[in-house]
Every structure is written in C-alpha cells, then in structure tokens.
Amino acid sequence: MTPRPFKPSLLFAVSLCLCATFAQAADIASQTNHQRDTRTQWWREARFGLFIHFGLYAIPAGEWQNKKIPGGGEWILNNAHIPLPDYEKLKDQFNPEKFDAKQWVQQAHQAGMRYLVITAKHHDGFCLWPTKLNTDWNITATPFKRDLLKELADACKQDGTVRFCIYYSIMDWHHPDAQRGLAASAASSSPQNPNFQRYVQDYMKPQLKELVETYDPGVIWFDGEWIPDYTEPMGRDLYTYCRTLNPKLIINNRVGKTRKGMTGLSEDKDSPGDFGTPEQQIPATGLPPGIDWESCMTMNETWGYKQSDTKWKPTQTLIRNLVDVVSKGGNYLLNVGPNAQGEIPAESTKRLQQIGQWMKTNAPSIHGASASPFKKLYWGKATIGQDQTLYLHPFVWPNGADLIVPLTNKSATAKLLPSENTNLTTSNEEDGLHIKGLPATPPTPRTRSSP
Ligand code: FHN
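What you are looking at is a predicted structure, and each value in this text was computed from that prediction instead of being measured.

Engineer: Residues and numbers for the overall build of the protein, please.
Structural biologist: Secondary structure assignment for the protein yields 12 helices and 14 strands. The proportion of buried residues among the 451 residues of the protein is 53%. Relative to all contacts within the protein whose residues are 6 or more apart in sequence, the contacts with residues 24 or more apart total 68%. Element-wise, carbon and sulfur atoms account for 55% of the exposed surface of the protein, whose accessible area totals about 20700 Å².

Engineer: Describe the site of the ligand, listing the residues and the values that go with them.
Structural biologist: Taken together, 16 residues lie near the ligand, and His53, Glu74, His123, Asp223 and Glu279 sit nearest. A distance of 2.6 Å separates an oxygen atom of the ligand from a polar atom in the side chain of Glu74. Here a nitrogen atom of the ligand and a side-chain polar atom of Asp223 are 2.6 Å apart. Protein coverage of the free-state accessible area of the ligand, which is 330 Å², stands at 96%. Taken together, the residues of the shell around the ligand sort by class into eight nonpolar, three polar and five charged.

Engineer: Run through the packing of helix α9 (residues 196-215) against helix α10 (residues 232-245), naming residues and quoting values.
Structural biologist: For any two helices packed against each other, one specifies the inter-axial angle together with the distance between the axes. Put simply, α9 and α10 touch, their axes get as near as 10 Å, and they point 25° apart. In terms of orientation, α9 and α10 fall into the roughly parallel class. Crossing of α9 against α10: the hand is right-handed. Residues Phe196, Gln197, Val200, Gln201, Met204, Lys205, Pro206, Leu208, Lys209, Val212 and Glu213 of α9 form the contact with α10, whose own contacting residues are Met234, Asp237, Leu238, Tyr241, Cys242 and Leu245. Partitioning the contact of α9 with α10 into residue classes produces 11 nonpolar, two polar and four charged.

Engineer: Now, about the packing of aromatic side chains: what can you tell me, with residues and values included?
Structural biologist: The way to describe two aromatic rings as a pair is by their centre distance and the angle between their planes. Applying the stated rule across the entire model yields 19 aromatic pairs. Ring plane angle 50° and centroid distance 6.0 Å describe the contact between Phe51 and Tyr167, whose orientation is recorded as tilted. Taken together, the positions of Phe51 in strand β1 (residues 48-52) and Tyr167 in strand β5 (residues 163-169) put the pair 116 residues apart, joining distant regions of the chain. Between Phe54 and Trp104, the aromatic rings sit 5.5 Å apart at their centres with planes inclined by 85°, giving edge-to-face as the arrangement. Of the two residues, Phe54 sits in the loop between β1 and β2 (63-64) while Trp104 sits in helix α6 (residues 101-110), which places them 50 residues apart along the sequence. The same class applies to Phe54 as to Trp104, namely buried. Taken together, the aromatic side chains of Phe54, Tyr87, Phe94, Phe99, Trp104, Phe126, Trp137 and Phe144 make up a single cluster linked through ring pairs. Cation over ring: Arg163 sits above Trp42, and NZ or CZ is 5.0 Å from the ring centre.

Engineer: Describe the sheet that holds strand β4 (residues 115-121), listing the residues and the values that go with them.
Structural biologist: Spatially, seven strands are ordered β7-β6-β5-β4-β1-β9-β8 in an open sheet, and the strand pairing comes out parallel. Two strands in the sheet have a free side with no partner beyond their single neighbour: β7 (250-251) and β8 (294-297). One ladder, built from five bridges, connects β1 with strand β9 (residues 331-336); its direction is parallel. From the neighbouring strand, Gly49 faces β9, where its bridge partner is Leu333. Contacts between helix α7 (residues 148-159) and the sheet are confined to β1, β4 and β5, with β5 contributing the most and set at about 150° to the helix.

Engineer: I'd like a description of the side chain of Thr302, backed by residues and values.
Structural biologist: Relative to the assigned elements, Thr302 resides in the loop between β8 and α11 (315-327). Of the residues examined, Thr302 reaches a relative accessible area of 4% and is grouped as buried. At 2.5 Å, the side chain of Thr302 forms a polar contact with the backbone oxygen of Gly304. Residues contacting Thr302, with those up to four places away along its chain left out, are Gly72, Gly73, Glu74, Asp309 and Asn335.

Engineer: Provide a residue-level description of α9, including the pertinent values.
Structural biologist: At Met204, α9 shows its maximal bend, which comes to roughly 30°, and the proline Pro206 appears one to four places after that position. Burial in α9 covers these residues: Phe196, Tyr199, Val200, Tyr203, Met204, Lys205, Gln207, Leu208, Glu210, Leu211, Val212 and Tyr215. Buried residues along α9 sit against β4, α7, β5, β6 (219-223) and α10. Phi turns positive, to about 45°, at Asp216, one or two residues after α9.

Engineer: Requested: an account of the environment of Gly224, with residues and values cited.
Structural biologist: Structurally, Gly224 can be placed in the loop between β6 and α10. Residues Gly224 and Met171, spaced 53 residues apart in sequence, show a C-alpha to C-alpha distance of 4.7 Å. Excluding residues that lie within four positions of it along the chain, Gly224 makes contacts with His123, Ser169, Ile170 and Met171.

Engineer: Give me the nonpolar core: which residues, what numbers.
Structural biologist: Judged by nonpolar contacts, the single largest core of 93 residues is most densely connected at Leu116, Ile118, Leu149, Phe164 and Phe222. Ignoring anything within four residues of it in the chain, the contact list for Leu149 reads Ile118, Ala120, Leu128, Trp129, Phe164, Ile166, Leu211 and Tyr215. Val219, Ile250, Cys296 and Trp303 belong to the second largest nonpolar core, which has 14 residues in total.

Engineer: An account of the side chain of Asn331 is requested, with residue identities and associated values reported.
Structural biologist: Note that Asn331 resides in strand β9. A polar contact of 2.9 Å, which involves the side chain of Asn331, links it to the backbone oxygen of Trp43. Among the polar contacts listed, one links the side chain of Asn331 to the side chain of Tyr115, at a separation of 3.2 Å. Not counting chain neighbours up to four residues away, the residues in contact with Asn331 comprise Trp43, Arg44, Arg47, Tyr115, Trp293, Glu294, Ser295 and Val325.

Engineer: Summarise α11; cite the residues concerned and give the values.
Structural biologist: Relative to the 18 Å expected for 13 residues at 1.5 Å per residue, α11 spans 18 Å between its end C-alpha atoms, a close match to the ideal helical length. Within α11, 10 of the 13 residues are buried, leaving the element largely enclosed by the surrounding structure. Of the positions making up α11, those classed as buried are Thr315, Leu318, Ile319, Asn321, Leu322, Val323, Asp324, Val325, Val326 and Ser327. Taken together, the buried residues of α11 touch β1, β8, β9, α12 (346-362), β10 (380-384) and β11 (390-394). Gly329 sits one or two positions beyond α11 and adopts a positive phi of about 85°.

What counts and how
Residues numbered from 1 in each chain as written. Predicted model: local features only at pLDDT ≥ 70, side-chain atom pairs only at ≥ 80, totals over all residues. Heavy atoms only, no water. Helix = DSSP H or I, 4+ residues; strand = E, 2+ residues; numbered from the N terminus. Buried < 20%, exposed > 50% of the residue type's maximum accessible area, 1.4 Å probe, protein only. Contact = heavy atoms within 4.5 Å. Areas by Shrake-Rupley, 256 points an atom, 1.4 Å probe, with all protein chains shown as cover. Near = heavy atom within 4 Å. Polar contact = N/O pair within 3.5 Å; in protein donor to acceptor, adjacent residues only side chain to side chain. Nonpolar A, V, L, I, M, F, W, Y, C, P; charged D, E, K, R; others polar. Axes fitted to C-alpha atoms, helices over the stretch in contact; angles between N-to-C directions. Parallel < 35°, antiparallel > 145°, perpendicular 65-115°, else oblique. Left-handed = near helix turned anticlockwise from the far one by under 90°. Phe/Tyr/Trp six-rings, centres within 6.5 Å; stacked < 30°, edge-to-face > 60°. Lys NZ or Arg CZ within 6 Å of the ring centre and 35° of its normal. Pairing = 2+ DSSP bridges. Bend = angle between axes of the 7 residues up to and from the residue. Core = buried A, V, L, I, M, F, W, Y, C linked by side-chain atoms within 4.5 Å. Expected span 1.5 Å × (residues − 1).

Listed below in structure tokens is the structure:
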C-alpha cells in the first residue's frame with residue numbers, strides 16, 4: 001500500500017496533544033504546596049463526609065449457606081471462599097427497589113456532611129455504573145439496570161452542598177488479569193497476576209476516564225493498593241493520569257503504596273496522593289502540620305451491610321470522633337452500608353439525624369475549622385472556627401467548677417452554645433483563663449454544645 005503523506009494538520013494535532021499531555025504531567029509533578037492547598041481547599045473546609053459501601057455484597061449481608069461469615073460484609077466473596085460463578089449469580093438478584101439517591105444525599109446534608117464517597121467498584125470488581133469496559137459485571141446486567149452513580153451524582157448536584165466523590169478499588173477479584181487479590185498475595189509477596197499491567201492500562205485507566213468524564217467526582221478514593229502486583233511507580237503514573245483527566249481532582253494516598261498498615265500514615269513525603277487515610281482510628285496527635293488527612297470509620301463494625309452486625313457506636317462517640325479529628329486538623333469520613341433494598345439502615349439514619357441536630361448548633365466549630373492551638377486539654381478538645389473563634393468542646397464537664405483554658409489572654413469573652421443568654425465570665429489566673437458560670441450539668445442533649 002503506497003504510504004500517504006501525513007496531513008500536516010493531523011501531525012501537528014497529534015504532536016500538540018502529546019506535548020499538552022506531557023506538559024500537564026510535568027505541571028502535576030511540579031505542583032507547589034500552595035497549588036495543592038488551593039485545589040484541596042473545598043475538601044479541607046468540608047471536614048465531614050459520608051462513606052457509602054454498597055454493592056452485591058449487601059444481598060448475602062454477611063451470611064453464606066446459613067453461616068455467619070467473619071469480617072466486613074463487603075469481603076464475603078473472599079472470606080466465605082465463594083466460587084466466583086456462585087458469587088456472580090448475585091447480580092441476577094440485585095434490585096435495590098427502595099434506592100432513592102435524593103434521600104441518601106438529604107441524610108448526608110442534614111447531618112452536616114459536605115461530600116459523599118460511594119464504592120463505584122469494590123474488591124469484587126462489580127461496577128455500579130454502565131461501564132463499557134465490561135458488559136456482564138456492571139449494574140446494567142442486573143434487574144435494577146439503572147445508572148446508580150448518575151442518580152447519586154445528579155442528586156448531589158441538585159443539593160448543592162454535598163460533593164459527589166468516588167471510591168475505586170485497585171484490587172479486583174473478578175477481572176481475569178487481576179483477580180488473585182489479597183488471599184493469594186497474603187500467601188506470598190510475589191506478583192500473582194502476570195497480566196496485571198494490562199489490567200491497569202486497558203481496564204482500570206479507561207474506567208477511571210469514564211468515571212471522571214461522566215460523573216465529575218471531586219475525589220477519587222483509591223483502595224486495595226496493597227497487592228504485590230501493584231507498584232509505587234504504577235501509583236505515581238495513575239496519580240498523574242487521573243489529574244490530567246481533571247486537574248482539579250483530589251486523590252487519596254492509597255493511589256500509592258505508602259499507606260503504613262491501616263494508619264494511612266504515609267512516611268514517604270513524596271508519595272503520590274493528596275491526603276492520608278487513617279482507617280478505623282484517629283492518630284493520637286494527627287499527622288504532621290501541612291499534611292491533609294481523613295479518618296474513615298464505621299458506625300458499627302462493618303463497611304458493607306451485615307445483618308448480624310449490631311455493634312452500633314453511640315452517637316456521642318461519633319460526634320466526639322468528629323470533634324477529635326477536626327481538633328487535630330483532619331477530616332472525618334463516616335460510613336453507612338445500605339441494605340440490599342437500597343435503604344440506609346435505620347440505626348445509621350438515627351445517628352445521622354442526631355449528629356445533624358448537634359451540627360445545627362456546632363457546625364461553625366467544624367466546617368472550615370482548623371486544629372486546636374493546644375497540645376492537649378485534660379477536659380476535652382478545641383477547634384478554631386473560620387472566624388477565628390476558639391471553640392471549646394468539654395468531654396468532661398466541670399460540674400460547677402471553672403473551666404480552665406491554658407491561655408493568657410488579658411481579656412476574653414465566653415458564651416455557652418446554643419444558649420446565648422448564659423452569662424459566663426472569665427478571669428486571668430496563674431494557671432490560665434478561668435471560665436466561670438457554667439451550669440452544673442451540660443446543656444440538654446438535644447442542644448448540648450459539648451458532645
Ligand atoms: O478492604 C477494604 C475494606 O473493605 C474497606 O473498603 C476499607 C475502607 O477504607 N478499605 C479496605 C481496608 O483497608
């Protein structure tokens with residue numbers, strides 16, 4: 001076939017496109033802290049988000065062949081050693097008829113949450129959107145059929161205060177080039193999937209392109225990065241790839257390989273990712289100043305729905321976790337695991353409503369707030385509001401005594417939220433600022449300003 005000369009415009013366009021991509025990649029690699037802080041500002045000021053683990057695993061709900069399966073509900077394929085063809089049959093039962101995206105978003109909104117992170121694809125590889133990368137392992141191959149991610153993204157957009165974000169698992173127990181996940185790699189630290197690079201290039205990246213271009217998530221929350229097939233260089237490449245898809249995108253540190261244990265404390269300061277991800281715990285002193293981080297935690301013990309998991313944490317614990325995290329300069333991502341009908345469990349809804357009640361009074365001490373100026377307060381926590389008000393959260397009520405704050409301010413006024421009319425006085429004494437006139441017992445639970 002006689003070669004045809006390249007059309008100059010085509011050649012020019014191709015080289016321009018490549019240059020643009022390389023230029024973007026260079027910009028991303030050389031981003032300054034200020035550029036990163038500006039891009040992540042909305043997320044940092046949000047301080048409080050909803051984590052949603054939803055997928056096929058809500059159907060077995062922690063039980064298989066009449067046996068209760070240990071571990072998270074979302075791990076049942078692995079933990080119950082279910083043969084993949086048997087697990088695949090669950091898609092024919094997936095029909096969350098009570099799913100109501102507006103209602104999920106409303107629950108997050110009223111709780112004072114400013115973003116939500118949905119498991120678009122968890123470790124089982126099942127996709128909650130009509131991905132073109134597989135036709136038989138996504139939501140269109142179920143009786144439900146609908147694009148759940150689009151309904152949720154649209155509901156967030158309509159709400160206007162809850163930002164839509166996406167969780168994506170690198171580990172994929174279903175894809176033939178990636179399916180030997182943790183179980184196999186737990187036995188050995190050597191790579192298990194010879195074609196894993198093909199999975200990254202020909203499946204994962206095109207899926208991430210679909211997700212970013214179709215649903216415009218604020219954050220991509222990667223997970224399942226610990227498998228030996230996935231390497232730090234892949235993580236750096238994936239971070240750059242996602243950021244070239246949308247330069248405003250925020251990406252967690254699990255895109256890299258530096259999550260130390262479950263703490264999410266990345267020791268390698270050059271590791272890819274915009275924030276650390278401590279899991280089911282709050283670092284004792286937070287992370288070093290200047291490092292963004294977010295503690296993700298469950299309300300009971302499981303991420304994905306488990307019928308038998310009734311170990312619900314008291315609302316006071318959840319509120320105190322929120323205050324503790326913000327007092328250390330972090331974000332709090334609190335999880336719900338909707339059931340197979342698409343409903344957020346009643347116990348979760350109750351806690352979200354109670355947190356929302358507390359937030360009606362205390363949101364200024366959370367949204368946009370920064371870390372406490374004190375190393376430690378023996379009676380509780382403190383945060384600094386966006387207006388520079390110092391918010392004090394006594395976890396131990398002084399029961400009629402003065403509340404002593406290690407401050408030497410000559411003059412300070414104090415008031416008890418929400419009751420504006422409680423006359424508190426302050427006096428400077430040797431051991432700090434004394435706040436006097438607090439009632440013997442904390443304000444009523446409904447309006448208590450101290451969690
Ligand atoms: O294995 C997952 C687990 O199922 C859950 O999604 C948590 C949430 O952060 N992440 C992994 C465990 O670290």
